[in-house]
Amino acid sequence: MKPEWKYLPDPDCYVAEDISYCQAPVNPDLQAMHIYVPACYMKPDGQIDFNNTNSPRPDVSYTAKTVPVILYNDIGGYSECRPAGLIDRNKEFVANGFVLVSIGARGRQSVDENGSPSGKAPMALVDLKAGVRWLRKHQNELPGNYDRIVSVGTSAGGAMSSLLGATGNSEYFLPYLEEIGAEMDERDDIYAAQCYCPITDLDHADLAYEWMFQAKAVSTRSAKELPVAMDDFCRTFSTGLAEAYPAYINSLSLGAELGANGRSGNFYTGLMEKVSQSLTKFLKRNVRWADQLVEELNAGTDLICWDGEKAVITDLDKYVRVFIGRMKPCPAFDGLNLETFENQEFGTVDNLREHFSAATAELFGRLQDDLPNTAASEGSLPEKWGISTEMLDRAQHFNPLYYILSPERKSDIAPHYRIRLGSKDADTSFSISYSLYLALQSAGIDADYALVWGLGHCNADYPGEFAAWVDSVC
Ligand code: DHB
């Protein structure tokens, strides 16, 4: 391997582009990565400079062999993605002196040369793993510490990051890795995972969504689309899904319970405490306007209590109604008509879109028997749907909780996680990332969880905090 390094003045770095990370790629343009190296770790002739300790940040001193490697995936909506060039979301990693590996992967719509689906779950994860293995194989020819790989992704990419962290060296993925000619003698565990608003626990995400957003029956997906109101069938469906969530959460033994009414227990109060902390931090950074901000945010309600030191929000339903709104219809992930990203992600060679949530399917079956005559069920509802055992297994293996909470621990879990989401994020329930955080804690993994006030579904963070976290764990 001889990377062809090209110099880029902004930020001061070298890049080697479109490196293939497996020997039998199905989609070579996707199964590739770009490697960006801060110029301080390179000599002008493209050799690694092992002696320089001049980081772009004066307060830290990494060398070419100790500098952490940020493995950035630009996956969104479970789509395929080319390795991203330097963009707003990843440029600062290089500017802060980290090695950046920007990796591409197959996705829900990918097809092979015969037009057959090639990127359904779990292929995006398989590709990221193949990338990790390739980097380990070639670590002596590259700047960076490949025992300090920090994965970063947002949304579906955040879910991938959580999975990459949870599934290290799992045998489940070996046949898929073999198929694409990955480096089979290398490990694919990582050191740390940064997950921005991860859209994960897909097989229970419908329950979680109705649990969180039950105060609203009208959803507004985007400014370009008309709001959609639930019909009687969907209202009943929504209630049933929400009611099923506490039993699911409690079955995980996270060390925090959710009360049967869904609005009590330390799972609920703990999450609302995280929401409150996020506003407290925001107000303390804006002390001058804090009182006025609270007044305007409250908009005539008593949603927020603020005593000048601490903000407190305890009512999730009011919070949803006043502050966030509802984005998705019911069910939100395993769509009634197979219309979601996730239905496509779980497709097969025979059916490009599939149902995947056993919990949603079970409730649907019961309601269809109980509610045969509602307006929605006349014509527009699908036939009863069932989930095959293969699909159940596949969905489970695409859920980080399955590995983290597994008593027999079939994988090597990243020792450090950092989870961030915007306090206005309505793409999935807050409880999805919160339960991931609690599961990690219960498994003895160092996990840092916070909401970032006022932001929506994005790589929600305060400036400089990600780099400080990487420094602190590395
Ligand atoms: C993403 C957003 C979603 O609402 C979803 O269901 C899946 C993925 C995303 O932005 O990646």
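Residues numbered from 1 in each chain as written. Predicted model: local features only at pLDDT ≥ 70, side-chain atom pairs only at ≥ 80, totals over all residues. Heavy atoms only, no water.

1. Some remarks on the packing of aromatic side chains
Two descriptors summarise a pair of aromatic rings, namely the distance from one centre to the other and the angle between the planes of the rings. In the structure shown here, the tally under the stated rule is 29 aromatic pairs. Between Tyr 62 and Phe 98, the ring centres sit 6.1 Å apart and the planes meet at 50°, which makes this aromatic pair tilted. Taken together, the positions of Tyr 62 in the loop between strand S3 (32-38) and strand S4 (68-73) and Phe 98 in the loop between helix H1 (88-95) and strand S5 (99-103) put the pair 36 residues apart, joining distant regions of the chain. On the accessibility criterion, Tyr 62 (9% relative accessible area) is buried. When the ring of Phe 233 is compared with that of Phe 364, the centres are 5.8 Å apart and the planes differ by 75°; the resulting orientation is edge-to-face. Remark: Phe 364 occurs in helix H11 (residues 358-370) and Phe 233 occurs in helix H6 (residues 232-251); sequence separation between them is 131 residues. Each member of the pair, Phe 233 as well as Phe 364, carries the same accessibility label: buried. Here a set of aromatic residues connected by ring pairs shows up, and it is made of Trp 211, Tyr 245, Tyr 248, Phe 267, Tyr 434, Tyr 437 and Tyr 449. We note Lys 424 situated over the ring of Phe 323; from NZ or CZ to the ring centre the distance is 5.1 Å. (Phe/Tyr/Trp six-rings, centres within 6.5 Å; stacked < 30°, edge-to-face > 60°. Helix = DSSP H or I, 4+ residues; strand = E, 2+ residues; numbered from the N terminus. Buried < 20%, exposed > 50% of the residue type's maximum accessible area, 1.4 Å probe, protein only. Lys NZ or Arg CZ within 6 Å of the ring centre and 35° of its normal.)

2. Observations concerning the confidence of the model for the chain
Put simply, the chain has an average pLDDT of 95, and 97% of its residues get 70 or more. For the chain, per-element mean pLDDT is lowest for H11, which scores 88, and highest for strand S7 (residues 192-196), which scores 99. (pLDDT = per-residue confidence, 0-100.)

3. Re unusual backbone geometry
Looking along the chain, the bond that leaves Asp 10 and enters Pro 11 is cis, with omega of -5°. Here Pro 11 lies in the loop between strand S1 (6-8) and strand S2 (13-20). Of note, the amide linkage connecting Cys 330 to Pro 331 takes the cis form, showing an omega dihedral of -5°. Checked against the element boundaries, Pro 331 lands in the loop between helix H9 (316-324) and helix H10 (341-345). A positive phi is found at Cys 197, a non-glycine position, where the angle reads about 30°. Checked against the element boundaries, Cys 197 lands in the loop between S7 and helix H5 (205-213). For Cys 197, a relative accessible area of 2% puts it in the buried group.

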